[in-house]
Amino acid sequence: MASGGANYRNGTQRNSLKGTTTATDRQLSMNSNPSKAALKNKSLSSVGASSGLRKSSPGSLGGGTAKDDAGVPGRVRVAVRLRPRNAEESVADADFADCVELQPEFKRLKLRKNNWDTDTYEFDEVLTEFASQKRVYEVVAKPVVESVLDGYNGTVMAYGQTGTGKTYTLGRLGEEDTADRGIIVRAMEDILAGVSLESDSVSVSYLQLYMESLQDLLDPTNDNISIVEDPKSGDVSLPGATLVEIRDQQSFLELLQLGEAHRYAANTRLNTESSRSHALLMVHVKRSVKGRELAHSSQNGNSTNIAKSLRPTLVRKGKLVVVDLAGSERIDKSGSEGHTLEEAKSINLSLIALGKCINALAENSAHVPVRDSKLTRLLRDSFGGTARTSLVITIGPSPRHRGETTSTIMFGQRAMKVENMLKLKEEFDYKSLARKLDIQLDKLIMEHERKQKAFEEEIERITTDTQNQISEAERNYADAMEKERLKYQKDYMESIKKLEEKWMMNQHKLGERKDQMASTAQEVAELKKLLSKETSLRKAAEEEINNLKSQLAQLKMSEASANSESLKLRKMLEDEAYRKEKLEGEISMLQTQLLQLSFEADETRRRLDRGGPGKVPGDLDSLISQVRPQVNDSVNEEKASIANLFEQVGLQKILSLLEAEDADVRIHAVKVVANLAAEESNQQKIVEAGGLTSLLLLLGSSEDETIHRVAAGAIANLAMNETNQELIMSEGGIRLLSITAANAEDPQTLRMVAGAIANLCGNDKLQNKLRGEGGIKALLGMVKCGHPDVLAQVARGIANFAKCESRASAQGSKTGRSLLIEDGALPWIVQNANNDASPIRRHIELAVCHLAQHEVNARDMITGGALWELVRISQDCSREDIRTLAHRTLTSSPTFLAELRRLRIDY
Ligand code: ADP
Ligand code: MG
């Protein structure tokens, strides 16, 4: 809002210049930088105040609202540049002085009105004809360029009459002489040096405004560009203009040349001069503010990387507008240059409008006619807006153009009064953040997809691998199973085959065995039949013999009467006897054959037994036992037959069989021998043939209990003879019998052994030897079996021994205690003296009586309890002779009597 109240007194006060020129005025430098100005906000204001300059309210060209909230006051800076005289002027004006006189040290310009009158004007900078392009840039444009880099809009504009050096000042490329480079080239150099090509951007539009038509110098076909204004911010944009991004100085120069060429072509086409058109270069500078600035904004400093990456970039957008205006001289309304009036109006329109706006702003007019022209619309931010604006007004020295020069100076003076409010164009770049995030998101999506794919492939690979492994394992398993199955099948088949073979063999053997058995059984049956036939024949013969005998007796009795008959009968008898003898011989033959067959059958059975398992039917043992009873049971009848049999078979042969390898043969042989030995008549023959020795040997060598039993029985039988007894003793019989007894389990074996020893006990001569070789102890050892038969034999042996001892004592050949007592037999004697079994009791009673007969045994008998037995025997014994013996013994022993007396037993 224009504050009309302030009375700004500008430098047009011609005659009071010195009064208005203060030290502080001089401080108003073109170099004042907006960023510095921002920092020196107050001092600038105070400078403004102390300078007496009106602190104008920042009314914009658009007459818009005052933006005093964030803006920094920034007056339009104006420099004046004097062009040196050109050749023509040097000649034409040779006689005239320049119309202007510059006092650059005071930043003053003196305009000579005539020879005596001058007007003095102050400017922000006064640049003489000698000012270098570099200095002009630094004074006029550099501060603006720096502001643009800092995010402000900036304007550098040249105003002046055609030919005064606007284009020279702004647009020289300096291709021939680098010192000639104008503001545009130098500005771009500084801009490019001040931005980062990675994060920042510089782009350029280049336009020409002619007759209110805006043409794109970078795209000549684009010749009617519209201006778009943002109603809110008031920002002006040209969406239709070509915007070229600048990356380096060279491409920018080329772009400028291209633009110049297009401008030239356009002007030729339009039949105009460049001085009649306005050239506008727009440089958009977009800078990201990071690092230092952001660190500053992140005060607590705990922002994470993610937060940082999500924070939008702060972007500062500065726009530099460089305007090379059309010549400020008025186009002759007469149209001397070939323009119609309308054309002239149109050509001047923008410049006139600009002048009007500047005037309005300078005078704080309520209305600023911005919308009157395209130029003013384009420059609305440059004058009274937010931009930092530098204006260079160019003038010539020629007095001939004093009018134009004056008007230019006046324009500059008015422009100096325009106050802008510089505003930082700073915003967060949400778009680029969104773009960045989009890119990041896309990257993440891609990455995710890649990973997902890789993951799926990995899964698939693992699955395939696993499946392969499983099928491999299954295959292996199946193979192994098949192999194993085949192996077992093979083994099974082989086993079956072997079993079949074995079975076949067994069948075969069985068949053979059956055949053998059958034939043997048949033979035996036939023999049996034969035998029974022979037996009945023999019986018949015997009966016949008996008959004949009785007939013979009768005949003998009636011998006298029948002598002739007797002879006849005798003859018959002799015949019969002969026949009988013959038959008996046959029987003996048969029996021998039978015995032989028995052995052979034994042999066969053994062979078969060795050949395999299974019981041979028709046990040969039973055959033998069938045969033997016939031999044994009819002892009396058969004695002769057996004698014959064993004569025919031969005792030696039988005895030799005692040493046969086969146990069964030995058993049968020993049985046969035992049977023979049971016959007293055979005993001597057996002993003579070495039978007793063989039997004793058999006791020692065999481990078979049956053999032991039978052999011991045979020995016992043979031991009844005194000579044999001595033989048995001399051959170590006691020892062998003792061992046999110790190993025996069968009581009958013990009975036989005990019987044999008992027989030996009855031999007077052998008493000491028998006892010395442990005979008594062996006897006593057998009592533990408890079998009455055994006990009876033991008792008999003890009785025998006692009787012999008693006899020897009586004869005086024996002194001292009974050997029975010595060997500890007394307790058993006492214990069994009254045994229920009479054979035992009888023997013991006898033994007690024998022992008691000798005083030397009395004491032991008393202590051993035998006295009572003796008393009992003397009273209770069933046999009278023993009773008497006992009684006599008792009464004849002083020791017993003393004892009885001591015990007060009245006997
Ligand atoms: P304008 O653009 O204002 O019409 P030009 O820049 O075209 O003027 O200048 C006109 C002539 O004056 C040109 O030949 C130019 O080289 C010359 N000229 C302008 N200013 C200077 C200067 N400061 N020093 C030397 N020659 C200059
Ligand atoms: Mg020019």
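Computed from a predicted model, the values in this text were never measured in an experiment. Numbers given to residues run from 1 along each chain, matching the order in which its sequence is written. Just so you know, chain letters begin at A and ligand numbers begin at 1, following the order they were written in. Owing to the predicted nature of the model, reporting of local features is limited to residues with pLDDT of at least 70; listing and counting of side-chain atom pairs is limited to 80 or more, with chain, interface and lining totals taken over all residues. Side-chain numbers come from the whole structure's heavy atoms, not from hydrogens or water.

1. Some remarks on the packing of aromatic side chains
Argument step 1. Side-chain rings of Phe, Tyr and Trp, where Trp is taken by its six-membered ring, are said to pair if the distance between their centres is within 6.5 Å; with planes under 30 degrees apart they count as stacked, over 60 as edge-to-face, and otherwise as tilted. Within this structure, the stated rule accounts for two aromatic pairs.
Argument step 2. Between the aromatic rings of Phe428 and Tyr430, the centroid separation amounts to 6.1 Å while the plane-to-plane angle is 55 degrees, which identifies the pairing as tilted.
Argument step 3. We classify Tyr430 as exposed; its relative accessible area is 53%.
Argument step 4. A cation over an aromatic ring shows up here: Lys487 above the ring of Tyr488, its NZ or CZ 5.5 Å from the ring centre. The cut-offs for exposure are 20% and 50% of the maximum accessible area for each residue type, with area from a 1.4 Å probe on protein chains only; residues under the lower value are buried, those over the upper are exposed, and the others partly exposed. Only Lys NZ and Arg CZ are tested; either one counts as a charge over a ring when it is within 6 Å of the ring centre and within 35 degrees of the ring normal.

2. Examining the environment of Asp823
Argument step 1. Note that Asp823 resides in the loop between helix H30 (819-822) and helix H31 (826-832).
Argument step 2. For Asp823, a relative accessible area of 11% gives the class buried.
Argument step 3. Contacts of Asp823, omitting those with residues within four sequence positions, involve Arg771, Ile776, Lys777 and Leu780.
Argument step 4. Think of a polar contact as two N or O atoms within 3.5 Å of one another; within protein, one of them needs to be a possible hydrogen donor and the other a possible acceptor, and neighboring residues in sequence only count if both atoms come from side chains. Reaching out from Asp823, the side chain makes a polar contact with the side chain of Arg771 at a distance of 3.1 Å. Only DSSP runs of H or I reaching four residues or more are called helices, and only runs of E reaching two or more are called strands; each is numbered from the N terminus. A contact between two residues is defined here by any heavy atoms of the two lying within 4.5 Å.

3. Here's the deal with unusual backbone geometry
Argument step 1. For Lys107, which is not glycine, the phi torsion reads 55 degrees and is therefore positive.
Argument step 2. Examined against the element boundaries, Lys107 turns out to sit in the loop between strand E3 (100-103) and strand E4 (108-112).
Argument step 3. Its identity as a non-glycine residue notwithstanding, Glu212 has a phi of 60 degrees, on the positive side.

4. Let's talk about the packing of helix H6 (residues 133-149) against helix H8 (residues 183-194)
Argument step 1. With their axes 9 Å apart at the nearest point, H6 and H8 run at an angle of 40 degrees to one another. Relative to H8, the element H6 lies oblique. Where H6 crosses over H8, the handedness of that crossing is right-handed. Where H6 abuts H8, its residues Gln133, Lys134, Val136, Tyr137, Val140, Ala141, Lys142, Val145 and Leu149 lie against Ile183, Arg186, Ala187, Asp190, Ile191 and Gly194.
Argument step 2. Class assignment of the residues belonging to the contact of H6 with H8 gives a composition of nine nonpolar, two polar and four charged. Axis definition: a line fitted to C-alpha atoms, over the contacting stretch in the case of helices. Angles run 0 to 180 degrees between N-to-C directions. In these notes the angle categories are as follows: under 35 degrees is roughly parallel, over 145 is roughly antiparallel, 65 to 115 is roughly perpendicular, and the rest is oblique. Handedness of each helix crossing follows the sense of rotation of the near helix against the far helix: counterclockwise by less than a right angle gives left-handed, clockwise gives right-handed. Just so you know the grouping, Ala, Val, Leu, Ile, Met, Phe, Trp, Tyr, Cys and Pro go in nonpolar, Asp, Glu, Lys and Arg go in charged, and all remaining residues, Gly too, go in polar.

5. Examining the pattern of salt bridges
Argument step 1. Every case where a carboxyl oxygen of Asp or Glu lies within 4 Å of a side-chain nitrogen of Lys or Arg is listed as a salt bridge. Enumeration according to the criterion identifies 44 salt bridges in this entry.
Argument step 2. Ionic pairing is found between Asp860 and Arg817, a salt bridge with its closest N-O pair at 2.8 Å. Placement of the pair is Asp860 in helix H33 (residues 855-864) and Arg817 in the loop between helix H29 (788-811) and H30, with a sequence separation of 43 residues.
Argument step 3. Look at Arg817 and you get partly exposed, because its relative accessible area is 31%.
Argument step 4. Within the structure, one salt-bridge network assembled from shared partners comprises Glu229, Arg371, Arg377 and Arg380.

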